[in-house]
Amino acid sequence: MLCLSAKGVLPRVDAAIFADTGWEPKQVYEHLDRLEREIAAPAGIPILRVTSGNIRADALDPHHRFASMPLYILNQDGGNGMYRRQCTGEYKIKPIKKKVREILGHPYPSRVPKGVFVEQWVGISTDEFHRAKDADVQYMRNRHPLIEMDWSRADCIRYLTSLGLADTPKSSCLGCPFHGNAQWRSIRDSSPEEWADVVEFDAAIRQGNARANAAGNRLLGQAYLHRSRVPLSEAPIDHVTAAEWAARQQEGDAPDAAEMEAGVVDGCSPWACRGEQPEPVRDDFGLTV
């Protein structure tokens, strides 16, 4: 959408906002710098980078409130569970809303007057039209230009390719539990340093988040990044799932096989997280978390 706006296909936007979790792949940061330098700046469009902190550091800090990631849980009885996903709201949506209020001239906790709002473009394509929703606050009104243009993901890829941006990476945390095997393999095979980072994090969160443990609310079970619920260093990420094989057989507008895993496309968008619904997990006091 930024490129379409900068090139005049869509109206010129006042700004583009990138919510940084602090734990994106280095390729994402490099690509963002390139977009800013080659696309946004020449068109006079500022890219505003906002953040609520570093999600990796926060998860391991016993003194920091942590918005839970959707970690896979192996319960003591051998059953499976999953932590509730709060990270998208805390590290993506919250800082964006904060910046939007500042742009409108009504930062929190002041009240945004009725009738004052921004039109916010959300990059959902026709493949995922069911994710297109209205904003949950009156000072933001969502619009979905890609759906209005009847563009699919394949159309977006073709357009980016025409601009020399075929290598556009997906934005998501390095250690997002919603990664499929293809994404885990890509990290392992292309970036040893980042692979070591996620393997280390996976081991560090085995007993859940650090603040809960420090408070004595230990996790009844063990937490993992991979859906197999074994350490990431041992997880069967070389297994090619039926969904990935099916993608390899498809032609035309189907996403590349490396982008498909268990029926979801890896990536994280503030209003379109492609993760599945989490299963409940119980803490020491029998409370669902």
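Refer to the preceding data block for the structure.
Starting from 1, residues in each chain are numbered consecutively following that chain's sequence as written. Only residues with pLDDT of 70 or above have their local features reported here, since the model is predicted, and side-chain atom pairs are shown and tallied only from 80 upward, although totals for entire chains, interfaces and linings are computed over all residues. Water and hydrogen atoms were dropped before computing side-chain values, which therefore reflect all heavy atoms in the structure.

### Some thoughts on the overall build of the chain
In plain terms, the rule: Secondary structure elements are defined from DSSP: runs of H or I of at least 4 residues count as helices, runs of E of at least 2 residues count as strands, and each element is numbered from the N terminus. Exposure categories follow from relative accessible area, calculated using a 1.4 Å probe and restricted to protein chains: below 20% of the type maximum is buried, above 50% is exposed, and the middle band is partly exposed. By definition in these notes, contact holds between two residues if any of their heavy atoms fall within 4.5 Å. Areas reported as accessible are Shrake-Rupley estimates using a 1.4 Å probe. Residue values count occlusion only from the protein chains shown.
Helices and strands together make up the secondary structure of the chain, namely 10 helices and nine strands. Here the chain holds 289 residues, and the buried ones make up 44% of them. For the chain, long-range pairs separated by at least 24 residues make up 64% of all intrachain contacts whose partners lie at least 6 apart in sequence. Of the roughly 14,900 Å² of accessible surface on the chain, 51% is carried by carbon and sulfur atoms.

### Brief notes about empty space enclosed by the protein
Our working rule: The definitions used throughout rest on a 1 Å grid laid over the protein atoms alone, on which a cavity is an enclosed set of points accommodating a 1.4 Å probe that cannot get out and a pocket is an open set flanked by protein within 12 Å on both sides along at least five of seven lines; lining residues are those having an atom within 4 Å of a point. Grid points are joined across faces, edges and corners, and a volume is the space filled by probe spheres set on the points. Only Asp, Glu, Lys and Arg are considered charged, only Ala, Val, Leu, Ile, Met, Phe, Trp, Tyr, Cys and Pro nonpolar, and every remaining residue, Gly among them, polar.
Counted by the stated rule, this structure contains three cavities of 30 Å³ or more. Here the largest cavity defines a volume of roughly 130 Å³. For the lining of the largest cavity, the leading source of residues is helix α4 (residues 87–104), giving four residues. Counted by class, the lining of the largest cavity contains 11 nonpolar, two polar and two charged residues.

### A look at helix α6 (residues 153–162)
So the rule is basically this: Distance and chemistry together define a polar contact, namely a pair of N or O atoms within 3.5 Å, with one atom able to donate a hydrogen and the other to accept it when in protein, and with adjacent residues in sequence counting only for side-chain atoms on both sides.
What α6 keeps buried is the set Ala-154, Cys-156 and Tyr-159. Buried-residue contacts for α6 involve α1 (2–6) and α5 (145–148). If you check the start of α6, you find a side-chain oxygen 3.3 Å away from the backbone N of Ala-154, and it comes from Ser-152. Phi for Gly-164, located one or two positions after α6, is positive at around 80°.

### Quick look at the environment of Tyr-29
Assignment of secondary structure puts Tyr-29 in helix α2 (residues 26–43). The residues touching Tyr-29, leaving out its near neighbours within four places in the chain, are Phe-18, Asp-20, Gly-22, Trp-23 and Glu-24. A distance of 3.2 Å separates the side chain of Tyr-29 from the backbone nitrogen of Glu-24, its partner in a polar contact.

### Brief notes about the sheet that holds strand β4 (residues 80–82)
Put simply, the rule reads: Paired strands are those between which DSSP finds at least two bridges. Every axis corresponds to a line fitted to the C-alpha atoms, with the helix fit spanning only the stretch in contact, and the corresponding angles, defined between N-to-C directions, vary from 0 to 180 degrees.
Pairing is antiparallel in the open sheet, where three strands are placed in the order β4-β3-β7. Strands at the two margins of the open sheet, each flanked by one partner only, are β4 and β7 (221–224). Pairs of neighbouring strands in the sheet enclose a mean axial angle of 30°, with direction left out of account. Bridge analysis of strand β3 (residues 72–75) against β4 gives three bridges, and the strand direction is antiparallel. Opposite Leu-74, over in β4, you have Asn-80 as the bridge partner.

### Section: the packing of helix α7 (residues 181–190) against helix α8 (residues 192–204)
Operational definition: Relative orientations are named as follows: roughly parallel for angles under 35 degrees, roughly antiparallel for angles over 145 degrees, roughly perpendicular for angles from 65 to 115 degrees, and oblique for any other angle.
Contact pair α7 / α8: the axes reach a minimum separation of 5 Å and the direction vectors enclose 125°. Judged on the interaxial angle alone, α8 and α7 are oblique. Across the interface between the two elements, Trp-184, Ile-187, Arg-188 and Ser-190 from α7 touch Pro-192, Glu-194, Trp-195 and Val-198 from α8. Split by residue class, the contact of α7 with α8 holds five nonpolar, one polar and two charged.

### A word on the pattern of salt bridges
Which entries qualify depends on this criterion: Any carboxyl oxygen of Asp or Glu within 4 Å of a side-chain nitrogen of Lys or Arg constitutes a salt bridge here.
Within the structure shown, the criterion is met by 19 salt bridges. For the salt bridge of Asp-189 with Arg-188, the shortest nitrogen-to-oxygen distance reads 2.8 Å. Overall, Asp-189 belongs to the exposed group, its relative accessible area being 54%. Arg-188 is the partner of Asp-238 in a salt bridge, and the nearest nitrogen-oxygen pair spans 2.8 Å. Of this pair, Asp-238 sits in the loop between β7 and α10 (242–249) while Arg-188 sits in helix α7; the two residues are 50 residues apart in sequence, bridging distant segments of the chain.

### Here we look at α8
Our working definition: Here the expected span of a helix is defined as 1.5 Å times the quantity of residues minus one. An arc is given here, and it is the one of the directions from the helix axis to the C-beta atoms.
Between the first and last C-alpha of α8 there are 18 Å, a value that for 13 residues agrees with the 18 Å anticipated at 1.5 Å per step. Along α8, the residues classified as buried are Glu-194, Trp-195, Asp-197, Val-198, Phe-201 and Asp-202. Each buried residue of α8 lies within a common arc of 155° when the element is viewed along its axis, so the set occupies one face. Exposed residues lying more than 90 degrees from the buried face of α8 are Pro-192, Glu-193 and Glu-200. Against α2, α3 (55–59), α7 and β7 lie the buried residues of α8.

Everything listed here is a matter of geometry and, on its own, says nothing about what the molecule does.
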